[in-house]
Every structure is written in C-alpha cells, then in structure tokens.
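Now for the letters of each chain:
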Amino acid sequence: IAENHFDGSRNMVALLGGERRYILAHPNQCNNLALYKKGHPSSRHSAVDWSNPNWNKFPQFRDAEVNEVVLQAGDVLYLPTYWFHHIISLDLNFQCNTRSGIDKKYEDEIDVCGF
C-alpha cells in the first residue's frame, strides 16, 4: 500500500505486470482528506488510514469524492500535478513511471489546503 498523497509534478505510470488498484481524488477534495500540514514529515499525505478510516476522528472524510481504477499489465495511468492517489497492490506487480514537469492547472485548489 502507498498511502494517499499527491505529487508536485505530472506522473505517468505504466503497469508492466500484475494488478494495482488506484483510488484517485481531485485536488479540490483536499479539505476532505485530512492532510498533514506543509512542513510535517508526511506533508502531502493524508492522515486517514484509507484501509480502515476512523470516522470519528476524520468525519470530513465521508464527504470525499474519489474514483477507482484497477490497472492491469499494459495499462498506463496519467496523474496530473496535485492529484491524490492511494495505491493498493492486488498481487505481485511492477511498474515503470516517469515524471514530467509541473502543471499549474490545479494550483488554486491545492493552495486552499496550504500547499
């Protein structure tokens, strides 16, 4: 599992073998994701355990809007700058990814959460 986080650049993921589940959230969902603050060692990551959310501690997480996709060998996923992603390996898998610059399209949404 790669806990929910966002990257500060565009990301292209090619799955070469196995399967992975990606749970994706638009940057405008940042207030619902209980992010660690800028400067925290886990900055850019959600404090919520997405595998077992504590609804009492993070009630706003119930309002988070996400999309889910399962990548299989040969699939490619493009992640725009600042998009949140939580990754679950469904079996033994391997990927190749590349990052390519920064797109400022979602900068206003992520700025709302202090980034």
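Just above sits the structure.
Nothing here was measured: the structure is a model prediction, and the numbers come from that model. (Residues numbered from 1 in each chain as written. Predicted model: local features only at pLDDT ≥ 70, side-chain atom pairs only at ≥ 80, totals over all residues. Heavy atoms only, no water.)

Asks: Explanation requested: the pattern of salt bridges in the structure shown.
Replies: A side chain of one charge can pair with a side chain of the opposite charge if their charged atoms are brought near each other. Under the counting rule described, the total for this entry stands at 4 salt bridges. One salt bridge in this structure joins Arg44 and Asp7, with 3.5 Å as the shortest N-O distance. Here Arg44, found in the loop between strand 3 (19–25) and strand 4 (67–72), pairs with Asp7, found in the loop between strand 1 (2–6) and strand 2 (11–17); they are 37 residues apart in sequence, far enough to count as distant. Residue Arg99 pairs with Asp7 through a salt bridge whose shortest N-O separation is 3.4 Å. Highlighted residues: Arg99 in strand 7 (residues 94–99) and Asp7 in the loop between strand 1 and strand 2, separated in sequence by 92 residues. What makes Arg99 partly exposed here is its relative accessible area of 48%. One network of salt bridges, in which partners are shared, links Asp7, Arg44 and Arg99. (Salt bridge = Lys/Arg side-chain N within 4 Å of Asp/Glu carboxyl O. Helix = DSSP H or I, 4+ residues; strand = E, 2+ residues; numbered from the N terminus. Buried < 20%, exposed > 50% of the residue type's maximum accessible area, 1.4 Å probe, protein only.)

Asks: Mind showing me how you'd approach the packing of aromatic side chains here?
Replies: Here a ring pair, both rings aromatic, is described through the centre-centre distance and the interplanar angle of the planes. Evaluated as defined, the whole model comprises 6 aromatic pairs. Summarising the aromatic geometry, the rings of Phe6 and Tyr82 are spaced 5.7 Å apart at their centres and angled 65° between planes, so their arrangement reads as edge-to-face. One end of the pair, Phe6, is in strand 1; the other, Tyr82, is in the loop between strand 5 (76–79) and strand 6 (84–89), and 76 residues separate them in sequence. Taking the relative accessible area as the measure of exposure, Phe6 reaches 3% and is therefore buried. One aromatic cluster in this structure is built from Phe6, Tyr82, Phe84 and Phe115. (Phe/Tyr/Trp six-rings, centres within 6.5 Å; stacked < 30°, edge-to-face > 60°.)

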